[in-house]
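# Understanding the architecture of this molecule
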Amino acid sequence: TRRSSDLEVANTEIAKRGVVVWPVDVMNARTLFNSLSTLTGLPLKIQAKNLAEIQKIYSSINVEEQQNFLNHVTDLKINEKASAYEIREVLEWAKSLPNLKALDLTHSNIDEQGLQLVADMSGLEKLNLNGCRAITDTGFQDMFQEGNLPALRELDVRSTNIGDGGALAIASNSGSLEKLDLICCEKITDACFQAMFQEWNLPTLLELDAWGTNIGE
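Residues numbered from 1 in each chain as written. Predicted model: local features only at pLDDT ≥ 70, side-chain atom pairs only at ≥ 80, totals over all residues. Heavy atoms only, no water.

Attention shifts here to the overall build of the protein chain. Broken down by element type, the protein chain carries nine helices and eight strands. Counting over 217 residues, the protein chain shows a buried share of 43%. Expressed as a percentage of contacts within the protein chain between residues at least 6 apart in sequence, the contacts between residues at least 24 apart total 76%. For the protein chain, the exposed surface amounts to about 10,600 Å²; the carbon and sulfur share of it is 47%. (Helix = DSSP H or I, 4+ residues; strand = E, 2+ residues; numbered from the N terminus. Buried < 20%, exposed > 50% of the residue type's maximum accessible area, 1.4 Å probe, protein only. Contact = heavy atoms within 4.5 Å. Areas by Shrake-Rupley, 256 points an atom, 1.4 Å probe, with all protein chains shown as cover.)

This is how it looks when you write it as structure tokens:
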């Protein structure tokens, strides 16, 4: 039958890749959960534009399976066409994901209210804000206050409006960071980097890319 065929395809992809990529407006929720029930601990990556797309899932699974779904989600990518309001709705929901490790907001319309929701995600390890131009330097400073995002290991803020204040906040309050991408952050100055190295609190940093900033030779 079509359903058993879909399940075989899903199981094959799981075995091959070890992760399910879920475009929630395409993949049948029931097919996926038939697969999840036999694979404890499977990481699940979902892509969505708004909360309504995610809620489509719930219409076809029972309460027990809903919790199973929440427990499996490790990666979340929000569509770049989502409005700031839609992003905030999804992020508010995402706070209920106990194992969320990676959040991709590349070229999205996330605003500073959205950043405050991200700041509350204590288990987050990877955050991609590449090209998020609506965020001001103040937004970065507010997000990287002491105690926020304690598990963060990788941060991509290239081509954003982050400036000296935001960069200093990251340097001062991101003690677990291993990779920091500041490519084309034109508002970061040479004076900022001198100050960053004086206030440096990034003992685990392994990779820093600052090409395209206003840092002198």
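Looking at where threonine 213 falls in the secondary structure, it is placed in the segment after strand 8 (207–209). Separated by 2.8 Å, the side chain of threonine 213 and the backbone oxygen of alanine 210 make a polar contact. If we ignore the near neighbours within four places in the chain, the residues touching threonine 213 are Leu182, Cys185, Glu186 and Ile188. (Polar contact = N/O pair within 3.5 Å; in protein donor to acceptor, adjacent residues only side chain to side chain.)

With that settled, consider helix 6 (residues 112–119). When we look at burial in helix 6, the residues that qualify are Gly114, Leu115, Leu117, Val118 and Ala119. The secondary structure elements touched by the buried residues of helix 6 are helix 5 (84–94), strand 4 (102–104), strand 5 (126–128) and helix 7 (137–143). Here helix 6 starts with a cap whose side-chain oxygen sits 3.3 Å from the backbone nitrogen of glutamine 113, and that cap is aspartate 111.

Relative to strand 3 (residues 73–78), strand 2 (residues 44–48) runs parallel, the two sharing five bridges. Note on strand 3: the bridge partner recorded for isoleucine 46 is leucine 76. Pairing of strand 3 with strand 4 involves three bridges; the strand directions are parallel. If you follow leucine 76 over to strand 4, its bridge partner there is leucine 103. In terms of handedness, the path from strand 3 via helix 5 over to strand 4 forms a crossover that is right-handed. (Pairing = 2+ DSSP bridges. Right-handed = clockwise from strand over helix to strand, strands pointing away.)

Position of asparagine 161 among the secondary structure elements: in the loop between strand 6 (154–156) and helix 8 (164–172). The exposure class assigned to asparagine 161 is buried, which follows from its relative accessible area of 18%. At a separation of 2.6 Å, a polar atom in the side chain of asparagine 161 contacts the main-chain carbonyl oxygen of arginine 133. When near neighbours in sequence (up to four residues on either side) are disregarded, asparagine 161 contacts Arg133, Ile135, Asp137 and Lys187.

Further remarks concern helix 4 (residues 63–72). Those residues of helix 4 not exposed but buried are Glu65, Phe69, Leu70 and His72. Taken down its axis, helix 4 places every buried residue within 165° of arc, on the same side. Facing away from the buried side of helix 4 by over 90 degrees, the exposed positions are Val63 and Glu64. (Arc of directions from axis to C-beta.)

Moving on, we get to the nonpolar core. In terms of nonpolar packing, the biggest core is built from 53 residues, with Trp93, Leu105, Ile110, Leu127, Leu129 and Met143 touching the most fellow members. The dominant element in this core, judged by the number of residues it contributes, is helix 5, at five residues. Residues within four places of leucine 105 in sequence aside, it is in contact with Ile78, Ile87, Ile110, Val118, Leu127, Asn128, Leu129 and Cys132. (Core = buried A, V, L, I, M, F, W, Y, C linked by side-chain atoms within 4.5 Å.)

Our next topic: unusual backbone geometry. Peptide bonds are trans in most cases, and residues, glycine excluded, mostly fall at negative phi. In this structure, leucine 149 takes a positive phi of about 50° despite not being glycine. Given the relative accessible area of 3%, leucine 149 is considered buried. One non-glycine residue, cysteine 184, adopts positive backbone phi at about 60°. The residue cysteine 184 is located in the loop between strand 7 (179–181) and helix 9 (190–198) in this model.

All right, on to the packing of helix 5 against helix 6 then. Two elements in contact, helix 5 and helix 6, have axes separated by 9 Å at closest approach and are oriented at 10°. As judged from the angle between their axes, helix 5 and helix 6 are roughly parallel. Of the residues in helix 6, those touching helix 5 at Arg88, Leu91 and Glu92 are Gln113, Gly114, Leu117 and Val118. (Axes fitted to C-alpha atoms, helices over the stretch in contact; angles between N-to-C directions. Parallel < 35°, antiparallel > 145°, perpendicular 65-115°, else oblique.)

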